[in-house]
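Results of the structural survey
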Amino acid sequence: MTTAVEFLNVFRHFGPASAPVRAVDGVDLTIAEGSFFAMLGPSGSGKTTCLRLISGFEKPTGGEIRIFGEDVSNTPPHLRNVNTVFQDYALFPHMNVRDNVAYGLMVKGMGRAQRYARAEEMLALVHLDSHGDRKPGQLSGGQRQRVALARALVNEPRVLLLDEPLGALDLKLREAMQDELKALQKRLGLTFVFVTHDQHEALSMADSLAVFNEGKIAQIGTPQEIYDQPATRFVADFVGSSNVLPPALTKALGGPAEWASLRPEATRLAATGPVSGTVTALRYLGAGTRVVITLGETEVAALVPAGQPVPAEGETTSIAFDQQALHLMGAT
Amino acid sequence: MTTSAILPARGLADRLTALFWRRPKVLLALLLTPPLLWLGVVYLGSLAALLLQSFYSIDEFSGVVKEEFTLKTYGELFRPSNFDILVRTVTMAALVTLACAALAFPIAYFAARYAKGHWKAAFYLGVMLPLWSSYLVKVYAWKLILAKEGILGWAAEQTHTGWIISGLLSIPGLEGSSLSTSPIGTFMVFVYIWLPYMILPMQAALERVPNSMLEASADLGATRGQTFRTVVLPLALPGIIAGSIFTFSLTLGDYIIPQIIGNSANFIGMAVYQLQGTAGNIPLAAAFAVVPILIMLIYLAIARRMGAFDAL
């Protein structure tokens with residue numbers, strides 16, 4: 001398998017050398033060609049800076065970035081065969097949709113008839129044929145998003161970078177676009193690098209993902225690996241609805257004295273057990289009910305499948321689980 | 001205890017706010033009436049009087065204004081001596097506008113794209129500072145700077161570049177004993193005086209172009225030059241047009257700078273000043289004054305047709 005993008009110990013610091021802001025702080029990663037790669041993390045974790053390092057809008061202060069094996073340290077954005085879908089779409093307001101989509105071909109010197117034909121093809125791909133004459137200001141958020149996508153794809157980039165492209169859409173549209181993006185990526189066989197702070201989006205769309213925290217990669221792996229075996233407390237906290245158990249509680253529940261994660265769906269309610277607590281919150285989810293039990297200082301959630309008895313708020317209960325469901329992890 | 005759903009009005013302010021909420025147009029009318037009265041009576045009224053006067057003519061023997069509608073006065077504008085004034089003024093205004101646009105763009109671009117914090121404050125101060133001192137003081141200061149014994153001539157002598165100035169002053173039509181008595185001097189001072197009026201709207205327009213727009217252009221493969229032509233310039237055009245309206249119309253109407261600096265050749269403003277004063281030919285003065293208005297209307301129509309306001 002070919003490597004599309006490679007980060008070799010990459011740093012991007014801002015501000016004075018004496019007190020730098022470490023936006024990207026020693027990142028190593030490899031993105032396989034044709035994969036859907038997500039960069040997940042809270043705001044300020046360095047994921048967007050990493051994306052901008054690939055597109056060339058940021059220069060690394062250390063390390064090396066390779067795109068298809070080539071060092072791009074000295075390559076300006078306009079000479080990189082990657083294209084970006086911007087968070088705010090960045091459509092040119094003074095051009096109609098067709099000219100927006102054909103822009104990349106226009107600046108490369110392609111003739112009008114030819115580039116308009118290609119633009120129409122791209123608009124058809126994103127289901128916006130017949131919208132070519134409109135101005136971006138006349139489109140809805142979802143439509144603008146598609147134009148931005150078509151405009152980036154018309155150049156036939158080797159890597160498509162997407163910077164929180166679905167952030168501004170409402171939930172229903174976002175879910176529809178998630179499916180569509182995923183289908184498009186499979187059909188085109190392109191490498192997608194997708195930045196998001198939404199863990200569900202990252203888990204459901206990506207082939208593999210990197211979880212960022214304070215400029216570093218906390219964990220990199222498939223969605224299942226990240227979800228089932230979070231490497232650190234941070235990953236477990238951020239990615240999942242997983243329970244994070246402090247060492248004392250893990251020990252009390254029969255495990256070693258270490259930080260551990262425990263998935264709510266692997267957690268059962270039990271009348272008696274080593275530790276019991278009070279039910280403090282109930283959330284009906286349709287397929288089940290999420291019951292939050294406060295055990296000492298830790299809140300633990302258990303997913304009670306539909307049809308099983310649900311305790312009332314304030315009741316005292318204990319929890320039980322199979323020991324192999326307990327996943328041990330690092331403290332940071 | 002039960003609390004009413006409607007709170008009691010505390011006084012006049014509450015009742016007025018309630019009135020404005022029920023009838024939003026009342027507030028609008030209260031806000032707009034005074035300025036509209038002022039604009040309508042003072043501004044549009046005087047403009048109408050001006051237009052009216054320009055259709056009158058003057059009796060050549062008695063010097064009395066004949067209050068009959070005629071186009072004779074407008075015809076007089078095309079007499080060679082008068083037409084020269086129009087051509088000279090419009091040419092000067094166009095050149096001043098072009099020079100202001102060329103000088104202002106880099107400054108406005110820097111201020112809009114790169115300047116932050118202290119640099120931004122320094123920019124505003126630098127651009128506005130000249131506007132705080134009297135216009136006349138600045139013009140006379142320039143007369144001294146450009147004079148034969150002035151600092152510019154002195155600096156040119158010290159750096160052995162005096163031949164540049166003498167070269168410029170020997171160009172036919174631009175002759176003068178020094179820059180302060182040549183049309184080149186008039187041009188330089190016009191550019192200096194009106195430059196802030198070009199920089200500020202341009203900077204405001206450039207500030208509204210998001211950075212991501214420029215990044216998107218580069219991302220799609222455009223060079224800096226292509227980005228400038230196809231993205232920056234069209235988006236900044238309303239600002240450039242706004243600035244050029246200032247520099248163009250201010251130059252068209254000014255009558256002080258060409259009086260103090262240059263070879264005393266007549267400009268529209270000076271002609272108006274002389275005709276309504278010493279000559280007492282109000283109709284011709286009015287006709288002269290209508291010319292800049294017409295030119296500006298034509299200019300705006302062309303700008304609009306070229307799509308300058310599409311990005312608004």
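The structure displayed is predicted, hence computed values, not measured ones. (Residues numbered from 1 in each chain as written. Chains lettered and ligands numbered in written order. Predicted model: local features only at pLDDT ≥ 70, side-chain atom pairs only at ≥ 80, totals over all residues. Heavy atoms only, no water.)

1. Thoughts on the overall build of chain B
Tallying secondary structure elements over chain B gives 14 helices and two strands in all. Taking 312 residues into account, the globule formula puts the C-alpha radius of gyration at 20 Å, and chain B, at 26 Å, lies well above it. Dimensions along the principal axes, computed over C-alpha positions, put chain B at roughly 95 × 65 × 40 Å. Looking at chain B as a whole, 39% of its 312 residues qualify as buried. Looking at chain B alone, contacts between residues at least 24 apart form 66% of all its contacts between residues at least 6 apart. Approximately 18,300 Å² of chain B is accessible, and the part contributed by carbon and sulfur atoms is 71%. (Helix = DSSP H or I, 4+ residues; strand = E, 2+ residues; numbered from the N terminus. Rg over C-alpha atoms; globule rule 2.2 N^0.38 Å. Buried < 20%, exposed > 50% of the residue type's maximum accessible area, 1.4 Å probe, protein only. Contact = heavy atoms within 4.5 Å. Areas by Shrake-Rupley, 256 points an atom, 1.4 Å probe, with all protein chains shown as cover.)

2. Looking at the interface of chain A and chain B
Each side of the interface is counted separately: chain A has 24 residues, and chain B has 18 residues. Between chain A and chain B, a total of about 1,800 Å² is buried, with carbon and sulfur atoms accounting for 61% of that surface. In this structure, Arg52(A) engages Glu215(B) in a salt bridge whose closest nitrogen and oxygen atoms are separated by 2.7 Å. Taken together, the residues of the side of chain A that touches chain B break down into 13 nonpolar, seven polar and four charged. (Buried area = accessible area lost by both parts, 1.4 Å probe. Salt bridge = Lys/Arg side-chain N within 4 Å of Asp/Glu carboxyl O. Nonpolar A, V, L, I, M, F, W, Y, C, P; charged D, E, K, R; others polar.)

3. Things to note about the sheet that holds strand β16 (residues 298-305) of chain A
Residues and elements named next belong to chain A. Within the open sheet, the five strands sit side by side as β13-β17-β14-β15-β16. Their pairing is antiparallel. The sheet is open, and its two edges are formed by β13 (268-270) and β16, each paired on a single side. Mean inter-strand twist for the sheet, computed between neighbouring axes without regard to direction, equals 50°. In the sheet, strand β14 (residues 276-284) pairs with strand β17 (residues 316-320) via three bridges, with the strands oriented antiparallel. Residue pairing for β17: Gly 277 is matched across the bridge by Thr 317. (Pairing = 2+ DSSP bridges. Axes fitted to C-alpha atoms, helices over the stretch in contact; angles between N-to-C directions.)

4. Looking at the domain arrangement of chain A
Often the size quoted for an interface is simply the accessible area lost on bringing the parts together. Residue and element names in this part refer to chain A. We note that the domain assignment places domain 1 (3-235) and domain 2 (254-328) within chain A. Computed from C-alpha coordinates alone, the two centres of domain 1 and domain 2 are separated by 38 Å. Facing the five residues of domain 1 at the interface are five residues of domain 2. The interface formed by domain 1 and domain 2 contains one salt bridge. Put simply, Arg 263 and Asp 228 hold a salt bridge, and the shortest N to O gap is 3.1 Å. Linking domain 1 with domain 2 are three residue pairs in polar contact (both at pLDDT 80 or more), by the criterion used here. Among the residues forming the side of domain 1 that touches domain 2, the class breakdown is two nonpolar, one polar and two charged. (Domains from an automatic or database assignment. Polar contact = N/O pair within 3.5 Å; in protein donor to acceptor, adjacent residues only side chain to side chain.)

5. Focus: the packing of aromatic side chains
Applying the stated criterion across every chain yields a total of 20 aromatic pairs over all chains. Judged by centre distance (5.6 Å) and plane angle (45°), the ring pair of Phe36(A) and Phe194(A) falls under tilted. Of the two residues, Phe36(A) is situated in strand β3 (residues 36-40) and Phe194(A) in strand β8 (residues 191-196); the sequence distance between them amounts to 158 residues. Note on Phe36(A): relative accessible area 0%, which makes it buried. Taking the relative accessible area as the measure of exposure, Phe194(A) reaches 0% and is therefore buried. Arranged with centres 5.2 Å apart and planes meeting at 85°, the rings of Phe105(B) and Phe228(B) form a pair that is edge-to-face. Residue Phe105(B) is found in helix α4 (residues 80-113), and its partner Phe228(B) is found in helix α11 (residues 224-253); the two are separated by 123 residues along the sequence. Relative accessible area serves as the criterion here: at 32%, Phe228(B) is assigned to the partly exposed category. Taken together, the ring pairs connect Phe105(B), Tyr109(B), Tyr114(B) and Phe228(B) into an aromatic cluster. Its end group placed over the ring of Phe14(A), Arg12(A) keeps NZ or CZ at 4.1 Å from the ring centre. The residue whose ring lies beneath Arg98(A) is Tyr116(A), and the NZ or CZ to ring-centre distance is 5.6 Å. (Phe/Tyr/Trp six-rings, centres within 6.5 Å; stacked < 30°, edge-to-face > 60°. Lys NZ or Arg CZ within 6 Å of the ring centre and 35° of its normal.)

6. Regarding unusual backbone geometry
Residues and elements named next belong to chain A. Within the chain, His 127 stands out as a residue other than glycine whose phi angle is a positive 60°. Turning to its location among the elements, His 127 is positioned in the loop between α3 (112-125) and α4 (141-153). For His 127, a relative accessible area of 52% puts it in the exposed group. Backbone geometry places Glu 164, a non-glycine residue, at a positive phi of 40°. Among the structural elements, Glu 164 can be located in the loop between β7 (159-163) and α5 (171-188).

7. What about the sheet that holds strand β6 (residues 82-85) of chain A?
Residues and elements named next belong to chain A. Within the open sheet, the six strands sit side by side as β6-β7-β8-β3-β9-β10. Their pairing is mixed. Strands with a single pairing partner mark the edges of an open sheet, and in this sheet they are β6 and β10 (216-221). Averaged over all adjacent pairs, the angle separating strand axes in this sheet is 20°, with direction ignored. In this structure, strand β9 (residues 208-213) lies alongside β10, joined through five bridges in antiparallel fashion. Across the sheet, the residue bridging to Ala 210 is Ile 220, located in β10.

8. Details of the pattern of salt bridges
Applying the stated criterion across every chain yields a total of 22 salt bridges over all chains. With a shortest N-O distance of 3.2 Å, Glu58(A) and Arg12(A) are connected by a salt bridge. With Glu58(A) in the loop between α1 (47-55) and β4 (62-67) and Arg12(A) in strand β1 (residues 3-14), this pair connects stretches of sequence that are 46 residues apart. With respect to class, Glu58(A) is no different from Arg12(A); both count as buried. Residue Glu207(B) is joined to Lys120(B) by a salt bridge in which the shortest nitrogen-to-oxygen separation is 2.7 Å.

9. What about the pairing of β14(A)?
In this structure, β14(A) lies alongside strand β15 (residues 288-295) of chain A, joined through six bridges in antiparallel fashion. Bridging from a neighbouring strand, Tyr284(A) pairs with Thr289(A) of β15(A).

10. Description of the pairing of β3(A)
Residue and element names in this part refer to chain A. With five of five residues buried, β3 is to be regarded as a mostly interior element. The side-chain alternation of β3 yields two buried faces, one formed by Phe 36, Ala 38 and Leu 40 and the other by Phe 37 and Met 39. As paired strands, β3 and β8 are joined by five bridges and run parallel to one another. Its bridge partner lying in β8, Phe 37 is registered against Val 193. One ladder, built from four bridges, connects β3 with β9; its direction is parallel. Its bridge partner being in β9, Ala 38 is matched across the sheet by Leu 209.

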